[in-house]
Amino acid sequence: MVKICCLGAGYVGGPTMAVIALKCPSIEVVVVDISVTRISAWNGDQLPIYEPGLDDVVKQCRGRNLFFSTDIEKHVSEADIIFVSVNTPTKTRGLGAGKAADLTYWESAARMIADVARSDKIVVEKSTVPVKTAEAIEKILTHNSKGIDFQILSNPEFLAEGTAIQDLFNPDRVLIGGRETPGGRKAVQALKDVYANWVPEDRILTTNLWSAELSKLAANAFLAQRISSVNAISALCEATGANASEVAYAVGKDTRIGPRFLNSSVGFGGSCFQKDILNLVYICECNGLPEVANYWKQVIKINDYQKSRFVNRVVSSMFNTVAGKKIAVLGFAFKKDTGDTRETPAIDVCKGLLGDKARISIYDPQVTEDQIQRDLAMNKFDWDHPVHLQPMSPTAVKQVTVTWDAYEATKGAHGVCILTEWDEFKSLDYKKIYESMQKPAFVFDGRNVVDPQKLREIGFIVYSIGKPLDPWLKDMPAVA
Ligand code: NAI
């Protein structure tokens, strides 16, 4: 029986390994983590992450050929294939701070593998890493190898949170990079055999190591670039009376462009896009390519601009101050169908409003008060370090309350900001919300969830990103 061990039981390690276990009953899969609480949650009824369809997959294989454990060394030493899916956050200190990937967790995982391995291993990079990381990992492993053969593969993960299970069941492609040596080719084939249990062969791409590593960074940069492109156009739409949804639809009809990932919004978030682009920028700079670095940096700058433009719009519409006013925030997760708040635009928007002394009442169906308070108290880039290393009881931000009901959050509010596109926000009783709010009542829709015309008929003053402006907003100071 082939044995797989995965280091890191997070948003990637948990779902990917659960699907491998489901699709490959003859493989034993053990997911290990240094976080005891995370592993207990994977072994309990309340899984540590919310992902549609995940519960079902875990229930089918847990205890059969899928296990979660903190006994890292035992399972690493027994495994034939070791996936490494640990955090690769942005460095917060030292050389490359604010840009380069922090490979501390990866390096300590590699050193531990070198220490405990007693037989040949295939080590798979599942985390997103800078191009050429495999070379460094190879050095760590082979330097301490005691005659053991380590083959390093790059197998970046392309799942999207919120649709992870569907993405894993039916991936657009699986990418495997390896050394172009007999040993490397054999290792690539062994991993290919795992995926071939359910992925059609023509969707399993094999490349050299560096292409696989770089493809993941490039794919995230391209995806984020589409969002920043449409968001840049959304600002121009608001200034001219064009409608960003209509423009995106017309643009996306071109088959060379395609319709997906063209929704204007308050900005992209999530643990990957910003971190991976910064990483790409840093790699370009280190390779003497400042023009290329600046090109990609602009994707992040437009994203930051979009978030601050949103905050400015809220403040300027409400007579240039939100001091003491109650603002309801609907949605805090970085997108619908996940409880993940890493780099969510809601953090920057809330911080911007708090900076103008607003009182904020937040409702998100999947995010806890503890998480929201932690996010609002945390410094930039600190979020992607393992949860157990973060301050457990941050000082609560006093002007923030968290509710478990959208109507409670909006009661008595002067304005509502919609920051996540949860389906339930489409069908709220906005008439009831309007009646319970201060007047004039504002809705600032950062995700194009509501029909602005219908809400205007109720009496709201509505701002929808990229849409023609409400007459009220046109009379307010210009927003930059
Ligand atoms: P995560 O933070 O949810 O999970 C990482 C886990 O690794 C944590 O539970 C942490 O305790 C554990 N860990 C850290 N050092 C360890 C060690 N030495 N031994 C065992 N466990 C250790 O992170 P997530 O989101 O799963 O991301 C992991 C990697 O996958 C990152 O490189 C990320 O860029 C990449 N990725 C993430 C995607 C996403 O949608 N979240 C999608 C594709 C790639």
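Parameters at a glance
- Here the residue numbering is sequential within each chain, running from 1 through the sequence in written order.
- Thresholds applied to this predicted model are a pLDDT of at least 70 for local features of residues and 80 or more for the giving and counting of side-chain atom pairs; totals over whole chains, interfaces and linings are not thresholded and use all residues.
- Note: side-chain values were computed over all heavy atoms of the structure, leaving out hydrogens and water.
- Between rings of Phe, Tyr and Trp, where Trp is taken as its six-membered ring, a pair exists when centres lie within 6.5 Å; planes separated by under 30 degrees are stacked, by over 60 edge-to-face, and by other angles tilted.
- Both a distance and an angle decide whether a charge sits over a ring: NZ of Lys or CZ of Arg must be within 6 Å of the ring centre and within 35 degrees of the ring normal.
- Relative accessibility thresholds used throughout: buried, under 20% of the residue-type maximum; exposed, over 50%; partly exposed, between the two (1.4 Å probe, protein chains only).
- Helix and strand assignments come from DSSP, with helices taken as H or I runs of at least 4 residues and strands as E runs of at least 2, each series counted from the N terminus.
- Note on handedness: a clockwise path from strand one over the helix to strand two, with the strands aimed away from the viewer, defines a right-handed crossover.
- The criterion for strand pairing is that DSSP finds at least two bridges linking the strands in question.
- For cavity detection a 1 Å grid was placed over the protein atoms alone, and a set of points counts as a cavity when a 1.4 Å probe fits there but cannot get out; an open set counts as a pocket when protein lies on both sides within 12 Å along at least five of seven lines, with lining residues being those that have an atom within 4 Å of a point.
- Grid points are joined across faces, edges and corners, and a volume is the space filled by probe spheres set on the points.
- Here the term charged refers only to Asp, Glu, Lys and Arg, the term nonpolar to Ala, Val, Leu, Ile, Met, Phe, Trp, Tyr, Cys and Pro, and the term polar to all other amino acids, Gly among them.
- Whether a residue is near a molecule or strand depends on its heavy atoms: if one lies within 4 Å, it is near.
- Identification of polar contacts relies on pairs of N or O atoms within 3.5 Å, with a donor-acceptor requirement for protein atoms, meaning one able to donate a hydrogen and the other able to accept it, and with residues adjacent in sequence counted only if both atoms are side-chain atoms.
- Throughout, the Shrake-Rupley method with a 1.4 Å probe supplies accessible areas, and for residues the shown protein chains are the sole cover considered.
- All the domain ranges listed were derived from an automatic or database domain assignment.
- Axis lines are fitted to C-alpha atoms, over the contacting stretch for helices. Their N-to-C directions set the angle, which ranges from 0 to 180 degrees.
- When checking whether two residues touch, look at their non-hydrogen atoms; a contact exists if any pair is within 4.5 Å.
- Basic side-chain nitrogens of Lys or Arg form a salt bridge, by our definition, when they fall within 4 Å of a carboxyl oxygen of Asp or Glu.
- Comment on the angle field: the value is read as roughly parallel under 35 degrees, roughly antiparallel over 145, roughly perpendicular from 65 to 115, and oblique elsewhere.
- Helix crossings get a hand from a simple test, with the near helix turned counterclockwise from the far one by less than a right angle marking a left-handed crossing and a clockwise turn marking a right-handed one.

(A) Representation of the packing of aromatic side chains in the model. Evaluation of the coordinates by the stated rule reveals 12 aromatic pairs. Ring geometry for Phe442 against Phe444: centres 5.8 Å apart, planes inclined by 5 degrees, an arrangement best described as stacked. One aromatic cluster in this structure is built from Phe310, Phe442, Phe444 and Tyr463. The ring of Trp210 has Lys132 lying over it, and the distance from NZ or CZ to the ring centre is 4.2 Å. In this arrangement the basic side chain of Lys439 is found over the ring face of Tyr434, its NZ or CZ atom lying 4.6 Å from the centre.

(B) Region of the structure containing the pairing of strand β13 (residues 442-445). Going residue by residue along β13, you find Phe442 and Phe444 tucked away on one face and Val443 and Asp445 tucked away on the opposite face as well. Once you follow strand β12 (residues 415-418) into helix α16 (residues 430-436) and on to β13, the crossover reads as right-handed. Where β13 lies against strand β14 (residues 461-464), four bridges are found, and the strand directions are parallel. By the bridge assignment for β14, Asp445 is matched with Ser464. On the question of chirality, the crossover connecting β13 to the parallel β14 by way of helix α17 (residues 452-458) is right-handed.

(C) View of empty space enclosed by the protein. For the structure shown, the criterion picks out two cavities of 30 Å³ or more. Roughly 40 Å³ of internal volume is contained in the largest cavity. Every residue along the wall of the largest cavity is listed here: Glu125, Ser127, Thr128, Val129, Ser154, Asn155, Pro156, Glu213 and Lys216. Along the lines of polarity and charge, the residues of the lining of the largest cavity split into two nonpolar, four polar and three charged. In terms of lining residues, the second largest cavity is bounded by Lys3, Ile4, Cys5, Glu28, Val30, His75, Glu78 and Ala79. The set of elements that each furnish at least two residues to the lining of the second largest cavity consists of β1 (2-7), β2 (27-32) and α4 (72-78). Partitioning the lining of the second largest cavity into residue classes produces four nonpolar, one polar and three charged.

(D) Molecular detail of the site of the ligand. Neighbouring residues of the ligand: 26 residues in total, closest Asp33, Thr88, Glu161, Lys275 and Arg342. Separating an oxygen atom of the ligand from a side-chain N or O atom of Asp33 is a distance of 2.6 Å. Between an oxygen atom of the ligand and a side-chain N or O atom of Lys275, the distance comes to 2.6 Å. Burial of the ligand by the protein chains amounts to 95% of its free accessible area of 830 Å². Two domains share the shell around the ligand, each providing at least three of its residues, namely domain 1 (2-199) and domain 2 (265-474).

(E) Quick peek at the sheet that holds strand β11 (residues 400-403). An order of β11-β10-β9-β12-β13-β14 is seen for the six strands of this open sheet, with the pairing classed as parallel. Edge strands, defined here as strands with exactly one partner in the open sheet, are β11 and β14. Sheet twist, expressed as the mean angle between neighbouring strand axes with direction ignored, is 20 degrees. Examined bridge by bridge, β12 and β13 share four bridges and lie parallel to one another. In the sheet register, Ile418 faces β13, and the bridge partner there is Asp445. Lying on the sheet, helix α14 (residues 369-377) is in contact with β10 (359-363) and β11; it crosses β11 at an angle near 155 degrees.

(F) Broad picture of the pattern of salt bridges. Within this structure, the stated rule accounts for 23 salt bridges. Between Lys192 and Glu201 there is a salt bridge, with its nearest N and O atoms 4.0 Å apart. Two residues, Arg256 and Asp254, come together in a salt bridge whose shortest N-O distance is 2.8 Å. For Arg256, a relative accessible area of 76% puts it in the exposed group. On the basis of relative accessible area, Asp254 is assigned to the partly exposed category, the value being 24%. Via salt bridges that share partners, Lys3, Lys74 and Glu78 belong to a single interconnected network.

(G) The arrangement of unusual backbone geometry in detail. Backbone torsion omega between Lys439 and Pro440 reads -5 degrees, so that peptide bond is classified as cis. Considering the arrangement of structural elements, one finds Pro440 in the loop between α16 and β13. Positive phi is not limited to glycine here, since Phe319 has a value of about 65 degrees. Assignment of secondary structure puts Phe319 in the loop between α12 (290-317) and β9 (326-330). Backbone geometry at Asn320 places phi at a positive 70 degrees, although glycine is not the residue there. Take Asn320: it is sitting in the loop between α12 and β9.

(H) Here's a closer look at the side chain of Arg447. The topology assignment puts Arg447 in the loop between β13 and α17. Its relative accessible area of 14% is what places Arg447 among the buried residues. In terms of polar contacts, Arg447 uses its side chain to reach the backbone carbonyl oxygen of Phe334, at 3.2 Å. Of the polar contacts made by the side chain of Arg447, one reaches the backbone oxygen of Leu419; its length is 2.8 Å. Aside from chain neighbours lying at most four places away, what touches Arg447 is Ser265, Val266, Gly267, Phe334, Pro345, Ile418, Leu419, Thr420 and Glu421.

(I) Region of interest: the packing of helix α1 (residues 13-23) against helix α3 (residues 54-61). As a packed pair, α1 and α3 sit with axes 9 Å apart at the nearest point and diverge in direction by 50 degrees. The pairing of α1 with α3 is recorded here as oblique in orientation. When you trace α1 past α3, the crossing you get is left-handed. Within the contact between the two elements, α1 uses Pro15, Ala18, Val19, Ala21 and Leu22 and α3 uses Leu54, Val57, Val58, Gln60 and Cys61.

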